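Here is how the chains run, residue by residue.
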Amino acid sequence: MNTRQNLIQVFVLCAVLLTLPTVVRAQFTFITNNGAITITRYTGAGGTVVIPNATNGYPVTIIGPQAFMSCSTLTGLSIPNSIKSIGDYAFEEDYQLTSLSIPDSVTNIGKVAFEGCSGLTNFSLGNSVITIGSEACWGCSHLNNLTIPNSVSSLGDSTFYECTGLTNILIGTNVSSIGSYVFYNCSSLASVVIPNSVTNLGDYVFDDCTGLTNAIIGNGATSIGNGEFSECTLLKQLSIGSSVAAIGTNVFLYCSSLITITVDTNNMVYSSLAGVLFNRDETILLQYPPGKVGSYTIPNSVTLIGTNAFYDCFNLSSVVIPNSVTNISDNSFYQCVNLTGLGMGTNVLSIGTNAFYLCRSMVGISLPNNLITIGDYAFAECWSLTSILVPNSVVNIGNQAFYDCQTLKNVMVGNGVTNIGSGAFQSCSWLNNITIGNNVVTIGTNAFNADIALTNVAIPNSVITVASSAFAGCNGVVHLTIGANLANIGYDAFSGCSGLLSVTLPNSVTNIGAFAFNGCSSLTNVTLLGGASSGVMSSVGASAFNSCTKLANVMIGSGITSIADDAFTFCSNLTTIIVDTNN
């Protein structure tokens, strides 16, 4: 018997020490409570440690919180059948521990109990374990096979988080609850079956399981949590049980290999058709598998294309949207980079935010005559679009709706549009022809910013506000016509329009913002009538015509009441300023 074992026996015989609240035994510190012993700390030299099942007639029943935490020399452990509970953090960061068998006597494993035991390869759970705490085996990266016994009722959040070596998992038939992130980044896990006993699935349970190819959700689960299979890039097949009544957001995000979603025919909320996920009545298309290749015709029963329905469907080449569809939700076709053809039905009323964002191969699109709303970024970075006709039915063009459509040349905005959103056509560098409808009231911030191919801009009489930087950097604009009712010209609105030759501002204008025409270096003549006809004072902001180096003539009308001191700074050729005698 080695020295450490002899010392343990010596201390065991000293019964008087048991009367103390905390007792030290050669390798262990422990306490006695109600005739049972809890180990509170291991103090030995490491190696393989044997926990005694009793000490001086008292059973050892609990391995307390942090008892073996950060024991970097611990390589093996024998746990007796007397142990009923393993406390929180009990073996955290024991990274040299390679093998561990939990006896049948144990009913509870606390949170973070084995976190960071990265050397653990063989790990078996006894048949009496009921609960496994959150983060219990977080980062046990060499753990490869695991069976959750039938005794277990719940798995806490992040239980097997980043167990990257885990290849097989068998979940017991009495587990009812699986917490969030339980198998997050178990990148070697190839398949998983959720038994019928499981009713609750947390969020992101299998997120980033990049090796997962097949998953089956049993008939007990009532919901699929947010991001459940997000970034499972090799997942090909998913089966959904009969009881699922709610599916969270981003469940299939970046599942680029997914080709088939199958729903149990007894499910009363969801259904599947040819591998595509729908609601029960097939009126809402919820998820098109991103791994499917080729073209797709949406069934005539569909009225709504759901959020993210075709998100990142890299292999989708063309799609036909039937006349039954009235709404295309946010992110519906986001980043379908190889989508070249799109047939849109005549009854679509709304196109959501980011609906076709980054569809860079889409050559042409015909917007239906019933369309009312084009959402923010709806067609942003559709690099192959060449022309857009916005029908008269449309009321609002969202912010950045056609942002960075680099090959877009022709745009006609219908007469129903009242607002062109911020950045709506910003950075459309080939845009050379724009017709603005006769009911537009506001041209938003950066609406046509940096559209360098524009040469002629006609702002209709309906427009009241040209917002900040609306046409800034449009250095190809030579001719600018401004309607009779324009009141506000925002900060930097036409800054950098270096090709602009002349400008006449009507007497409706009440405010010219700072730097409004800054750097219009070809501008030679400016007429500022001011708002005298409306009785409203008109002002010219700071640096409004700064660096207009060819500006020679300025006419100031009777309605101009305020001109900033530096309004014409660096106008080196300015020779004539004529002020109306009625000013």
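Not measured: the values here are computed from a predicted model.

## Remarks on the environment of T435
Relative to the elements of secondary structure, T435 occurs in strand β38 (residues 433-435). A C-alpha to C-alpha distance of 72 Å links T435 and Q96, two positions 339 residues apart in sequence. Sequence-distant contacts of T435, defined by excluding residues within four places in its chain, comprise V411, M412 and V413.

## Here we look at the sheet that holds strand β36 (residues 410-413)
One open sheet holds the 3 strands; their spatial order is β34-β36-β38, and the pairing between them is parallel. The sheet is open, and its two borders are formed by β34 (387-390) and β38, each paired with just one other strand. Neighbour to neighbour, the strand axes of the sheet diverge by 5° on average, direction disregarded. Relative to β38, β36 runs parallel, the two sharing 3 bridges. Considered in β38, the bridge of V411 is made with I434.

## As for the side chain of S469
Along the polypeptide, S469 turns up in the loop between β41 (465-466) and β42 (479-482). Look at S469 and you get buried, because its relative accessible area is 11%. Beyond its immediate stretch of four places on either side in the chain, S469 contacts N446, N449, Y491, D492 and A493.

## A closer look at the pairing of β42
Where burial is concerned, the two faces of β42 differ: the one with L480 and I482 is buried and the one with H479 and T481 is not. Across 4 bridges, the pairing between strand β40 (residues 456-459) and β42 is parallel. Paired with A458 across the strands is T481, a residue of β42.

## Topic: the nonpolar core
Counting 95 residues, the largest nonpolar core has F310, F333, F356, F379 and F517 as the members making the most contacts within it. Sorting elements by how many residues they give to this core places strand β48 (residues 553-563) first, with 3 residues. Residue contacts for F310: discarding those within four places in its chain leaves L285, Y288, Y296, I298, I305, L316, S332, F333, Y334 and C336. Judged by nonpolar contacts, the second largest core, of 77 residues, contains L143, V175, C232 and Y270.

## Let's talk about the packing of aromatic side chains
Going through the model one piece at a time under the given rule, you end up with 33 aromatic pairs. Judged by centre distance (5.8 Å) and plane angle (55°), the rings of F28 and Y42 are tilted. Taken together, the residues span a long stretch of sequence, with F28 in strand β2 (residues 28-33) and Y42 in strand β3 (residues 36-42) at a distance of 14 residues. A relative accessible area of 4% places F28 in the buried class. Its guanidinium or amino end placed over the ring of W383, R360 lies 3.7 Å from that ring's centre, counting from NZ or CZ.

## A word on the sheet that holds strand β21 (residues 237-240)
In space, the 4 strands of this open sheet follow the order β17-β19-β21-β23, with parallel pairing throughout. Each edge of the open sheet carries a strand with a single partner, namely β17 (191-194) and β23 (260-263). Going from strand to strand, the sheet's axes swing by 5° on average, the running direction of each strand aside. Where β21 and β23 come together, 4 bridges link them in parallel fashion.

## Digging into the environment of Y491
Take Y491: it is sitting in the loop between β43 (488-489) and β44 (502-505). A relative accessible area of 46% places Y491 in the partly exposed class. For the pair Y491 and G513, spaced 22 residues apart in the sequence, the C-alpha separation amounts to 4.4 Å. For Y491, the residues in contact, after removing those within four places along its chain, are S468, S469, G513, A514 and F515.

## Examining unusual backbone geometry
One non-glycine residue with positive phi stands out, namely V112, at about 60°. With respect to the helices and strands, V112 occurs in the loop between β10 (108-109) and β11 (122-124). Take V112: its relative accessible area is 4%, and that puts it in the buried class. A positive phi angle, close to 60°, is found at E135, a residue other than glycine. Examined against the element boundaries, E135 turns out to sit in the loop between β12 (131-132) and β13 (145-147).

## Remarks on the pairing of β21
Alternating positions in β21 separate cleanly, L238 and I240 being buried on one face and Q237 and S239 remaining unburied on the opposite face. In terms of strand pairing, strand β19 (residues 214-217) meets β21 through 3 bridges, oriented parallel. Directly across from N214, in β21, lies its bridge partner Q237.

## Structural notes on the confidence of the model for the protein chain
In low-pLDDT regions, the fine details of the predicted coordinates are not to be read closely. On average, residues of the protein chain carry a pLDDT of 93, and 94% of them reach 70 or more. Counting interchain partners and residues more than four positions distant, the pLDDT-below-50 stretch residues 1-25 has 38 contacts.

Each value, and the rule that gives it
- Residues numbered from 1 in each chain as written.
- Predicted model: local features only at pLDDT ≥ 70, side-chain atom pairs only at ≥ 80, totals over all residues.
- Heavy atoms only, no water.
- Helix = DSSP H or I, 4+ residues; strand = E, 2+ residues; numbered from the N terminus.
- Contact = heavy atoms within 4.5 Å.
- Pairing = 2+ DSSP bridges.
- Axes fitted to C-alpha atoms, helices over the stretch in contact; angles between N-to-C directions.
- Buried < 20%, exposed > 50% of the residue type's maximum accessible area, 1.4 Å probe, protein only.
- Core = buried A, V, L, I, M, F, W, Y, C linked by side-chain atoms within 4.5 Å.
- Phe/Tyr/Trp six-rings, centres within 6.5 Å; stacked < 30°, edge-to-face > 60°.
- Lys NZ or Arg CZ within 6 Å of the ring centre and 35° of its normal.
- pLDDT = per-residue confidence, 0-100.

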